[in-house]
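Okay, here's what each chain looks like letter by letter:
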Amino acid sequence: MSEPGGIELSATLRRIERAAGSLATASVARMDETLPWFRALPADQRSWVMLVAQAGARSLVQWLREGGGSADSTQEVSDEVFATAPQALARSISLQQTVALVKVTIEVVEEQVGTLAAEGEEQRLREAVLRFSREIAFSAARAYARAAESRGSWDARLQALLVDALLRGDSPDVLASRAAALGWSDAPPVAVAVGRSPGGEVAAVLHTAYRLARRIGVEMIGGVHGDRLVIVLGGAADPLGAAGKLLPAFGDGPVVVGPAVPSLDEATDSARAALAGFRAAPAWPTAPRPVPAADLLPERALAGDAEARRRLRHDVYAPLARASGELLETMDAFFAAGGTLESAARALFVHPNTVRYRLRRIAEVTGFSPLLPRDAFALQVALTVGRLDPVVSPTANQPISGTSRQKAT
């Protein structure tokens, strides 16, 4: 057979076939000599590279025998080079490193053209090797693209399983093993954000989120559950602020951020709070975006979230009941008067300054100020919940923890 120019290279082909093994050995030796990172590879990965080098020499012979081949056959021949190595090689060696390996191999072949080529065929062999090296470069790019697609699909499935386990509250061992497979370092704090998915391919949705997360330097695991996008953030000193920078990854509607926790083991609590907040968020149309799950306690309680009811009862109503009956009485009078301080003072037969003092005490005890409309709404719901679900008054030696909005989930 001949090249596209019609000139036969049969004698050269026989020489290259005989020298295929020595070419591969010389190429690997040169890699070991010139590429420090190659010397550090484990023995099994070095053997994979040797297989690729040997396949490359055989493919060169086949390519030359077919006269350079048609476009389809050329791709098929060059793709066979990387088909000899396990797919794991693409995860161990970067595309840039693979290009360096190809470059070294081509240099070794070019140096031996004088020995490999039959008399008068040296230049034609050099040109053929140059063209074949281009095909090998394209083949390497295709191999890495396929590996990336496969890895992306697998990672998306694994992330979905992890997020599902997180929402179910599976054991820490299950969470840890799946997170480790994804390369999660569990940098504190950890928080979960929930919003609507923008729709489309799951891999594309997660890719957008990952790109944004990398840009701000935080860890991320994500999953799409139905129409919801659930994102686990790690290592963000300000999870709410970080979620705000990830908003382009979400679809329209509210984005709710659960409380920060020390590690992924405890992220189930953050996920549940964020999900409960997401379900209740439509009741607060003017809520900020993103919004902390703790700011949605009253809506969550009205939507049937038992944890929100417990928080309002223990962290808001109980401290008021424990402080003194005057605070509850003042709140009732203040709300009954439509938030008018003077009217509340007349109803209580006290000076308006006394009412002002008590309202400040309520804000100090609960973290919610009756003078702010949004806080007043939360206090009214807490009063209702507390009276419907009475709590046992704590003793002085058994205080109820978490008496502020900041401690609520």
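Residues numbered from 1 in each chain as written. Predicted model: local features only at pLDDT ≥ 70, side-chain atom pairs only at ≥ 80, totals over all residues. Heavy atoms only, no water.

Strand order in the open sheet formed by five strands is S2-S3-S1-S4-S5, and the pairing between neighbours is mixed. In this open sheet, the two strands that pair with only one neighbour each are strand S2 (219–225) and strand S5 (291–292). When strand S4 (residues 255–257) meets S5, the two strands line up parallel, connected through two bridges. Paired with Val256 across the strands is Val291, a residue of S5. Across the sheet, helix H12 (residues 267–280) lies against strand S1 (190–196), strand S3 (228–234) and S4, angled at about 25° from S1, the strand it touches most. (Pairing = 2+ DSSP bridges. Helix = DSSP H or I, 4+ residues; strand = E, 2+ residues; numbered from the N terminus. Contact = heavy atoms within 4.5 Å. Axes fitted to C-alpha atoms, helices over the stretch in contact; angles between N-to-C directions.)

Looking now at helix H16 (residues 341–348). Restricting attention to buried positions, one finds in H16 the residues Leu341, Ala344, Ala345 and Leu348. Mapping the buried residues of H16 onto a view down its axis gives an arc of 100°, with all of them on the same face. Counted as exposed and oriented over 90 degrees from the buried face of H16: Arg346 and Ala347. Lining the buried residues of H16 we find helix H15 (325–336) and helix H17 (352–366). Once H16 ends, the next one or two residues include Phe349, with phi positive near 60°. (Buried < 20%, exposed > 50% of the residue type's maximum accessible area, 1.4 Å probe, protein only. Arc of directions from axis to C-beta.)

Next up on the list: the packing of aromatic side chains. Taken as a whole and judged by the stated rule, the model has two aromatic pairs. Measuring from centroid to centroid gives 6.2 Å for Trp37 and Phe38, while their planes differ by 85°, and the two rings are edge-to-face. Note on Phe334 and Phe335: the rings are 6.0 Å apart at their centroids and 55° apart in plane angle, and the pair reads as tilted. Its relative accessible area of 3% is what places Phe334 among the buried residues. Lying across the ring of Trp284, Arg374 places its NZ or CZ 3.5 Å from the centre. (Phe/Tyr/Trp six-rings, centres within 6.5 Å; stacked < 30°, edge-to-face > 60°. Lys NZ or Arg CZ within 6 Å of the ring centre and 35° of its normal.)

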